[in-house]
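Here's the letter readout for the chains.
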Amino acid sequence: MNPFIKHHICMVSDFFYPLIGGVENHIFQLSQCLIDRNHKVIVVTHAYNDRVGVRYMTNGLKVYYLPYKPFYNNTILPTVFSTIPLIRSVLLREQITIVHGHSSFSTLAHETMHHAKTLGIHTVFTDHSLFGFADLSSVLTNKILQVSLVDCHHVICVSHTCKENTMLRANLKSSQVSVIPNAVDASAFLPDISLRPSSSLADEIVIIVASRLVYRKGIDLLIGILPKILQKYPTVKFRIAGNGPKEIDIREVIEREGTEDRVALEGPVNHDKMRDFLNSGHIFLNTSLTEAFCMAIVEAAACGLLVVSTKVGGIPEVLPSENTQSDIMVLCEATIDDVFHGLCNAIDRIQLGQIPDANQWHEKIQNWYSWRYVTENTEVVYKHIMTKEKINLKERIQRYKQCGFVSGFIMSFVAILSYIIFIFLDYIQPRRLIDISSVYTKDDFEKEL
């Protein structure tokens, strides 16, 4: 192991590029910053179409696209045992010291963390989402999360609301969970008000919407307010980016109201074009029904847009919103009437010239949500868990018993069987015969360019 490398870290999730989203961007940006701070970082994810095998990204970030196809919602089929040989080989070959899983939805993250614990590797988990407690899918997901995190060394959440939610779902102590907010690459979201139309009373005001067009993103609220806003403000236009099953409902409303010239459905917008898309508007509208930490409103605020958002999850923690003229966010309850009134308030402010100072807010966002801050705090977590003793099989079984009789019995059986499989693999494929991967640093990558 290279003595100049601090940690060998494996980021693992079902969600990574070429998918575009908050988790994918978080993993990539955090990995890049850790590489800059002299850590070795690899990413493990599943195959995407013909993208299978090893790929290298910026600064020599190595990505393993394992030959597992997505089964449901871009996650692999949960099998536990079938992933053991390949994941064992990757973790040993790369001499991994920390496995960092991302997203409660990710089957691959939970299985890799399970195998890492069997190998005696320290584990960290970052939760990016909020879950309920009432429906059957939430109950099952929460039980899986509980048995996965009961022997995890530490958990990170992206907001205080997310922390409370995760502690309740997984029955964790407060000392086991840290809050490290998301961040934004402010340099990629520079304000450019020249791209906006004039916002005087006689000229148009553009409202930007950028999200997946699905139920949990509150698209039904958007559909409810569209006709009202367009009828009350003849100069207002909407630009909607994203796709999803609710796109059909939006098109039906547009056709019924005859507002094709005032509502533009842009479809998916590439990340490199998102800055110009955001800068083309005055107001950013977020109607989410649940959010742990909404990156979209941070990116919009970095471009100087006035944000109107539902008051759900961790959103109130993200930006100041005291209903003053200097604030950049207007919060609303998740109802059609309240979102309508909040959006009317924002439009009136724009028409009266009470436009946020784009450059001032960009500087604030740059200071508040920097990847350097996220990386430094994540390093503190890594340093903390490396002082803890490795969790042996006996202790893991004791912890599984805390999850209930049935769950505890099943997970104890899985842990014991996994341990036996690892012993068998050590016999047929001894660790000494696994080639150790060479350390490919950022400097090596730059020399190849």
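Everything below is about the structure shown above.
Residues numbered from 1 in each chain as written. Predicted model: local features only at pLDDT ≥ 70, side-chain atom pairs only at ≥ 80, totals over all residues. Heavy atoms only, no water.

Asks: So, the sheet that holds strand 1 (residues 8-12): which residues are in play, and what are the values?
Replies: Here we have 8 strands laid out as an open sheet, ordered 3-4-2-1-7-8-9-10, and mixed in their pairing. The open sheet has two edge strands, strand 3 (53-56) and strand 10 (177-179), and neither has a second partner. Across the sheet, the axes of successive neighbouring strands diverge by a mean angle of 25 degrees, strand direction being ignored. (Pairing = 2+ DSSP bridges. Helix = DSSP H or I, 4+ residues; strand = E, 2+ residues; numbered from the N terminus. Axes fitted to C-alpha atoms, helices over the stretch in contact; angles between N-to-C directions.)

Asks: Describe the pairing of strand 2 (residues 40-46), naming the residues involved and giving the relevant values.
Replies: By the criterion of burial, strand 2 is predominantly enclosed, with 7 of the 7 residues buried. Here strand 2 shows a buried face lined by Lys40, Ile42, Val44 and His46 and a second buried face lined by Val41, Val43 and Thr45. As paired elements, strand 1 and strand 2 share 5 bridges and run parallel to each other. Residue pairing in the sheet places methionine 11 in a bridge with valine 43 of strand 2. Note on the crossover from strand 1 through helix 1 (residues 22-36) to strand 2: the handedness is right-handed. Examined bridge by bridge, strand 2 and strand 4 (residues 62-66) share 5 bridges and lie parallel to one another. (Buried < 20%, exposed > 50% of the residue type's maximum accessible area, 1.4 Å probe, protein only. Right-handed = clockwise from strand over helix to strand, strands pointing away.)

Asks: Any details on the layout of surface pockets? Residues and values, ideally.
Replies: In this model, the largest pocket occupies a volume close to 1800 Å³. If you go around the largest pocket, you meet 49 residues; those closest to its centre are Ile20, Gly21, Gly22, Arg212 and Lys217. Among the secondary structure elements, those contributing two or more residues to the lining of the largest pocket are helix 1, helix 8 (274-279), strand 14 (283-286) and helix 9 (295-302). It is helix 1 that contributes the most residues to the lining of the largest pocket, 5 residues altogether. Of the residues belonging to the lining of the largest pocket, the class tally is 24 nonpolar, 18 polar and 7 charged. By volume, the second largest pocket is sized at about 920 Å³. If you trace the second largest pocket, you find 32 residues lining it, with Pro78, Thr107, His110, Leu140 and Ile144 closest to the centre. Put simply, the parts of the chain that give the lining of the second largest pocket at least two residues each are strand 5 (70-72), strand 6 (75-76), helix 3 (107-118), helix 4 (136-149) and helix 14 (405-428). When residues in the lining of the second largest pocket are grouped by element, the largest group, 9 residues, is from helix 4. Here the lining of the second largest pocket is built from residues that sort into 15 nonpolar, 12 polar and 5 charged. (1 Å grid on protein atoms, 1.4 Å probe; cavity = no way out; pocket = protein on both sides within 12 Å on 5 of 7 lines; lining within 4 Å. Points joined across faces, edges and corners; volume = space filled by probe spheres on them. Nonpolar A, V, L, I, M, F, W, Y, C, P; charged D, E, K, R; others polar.)

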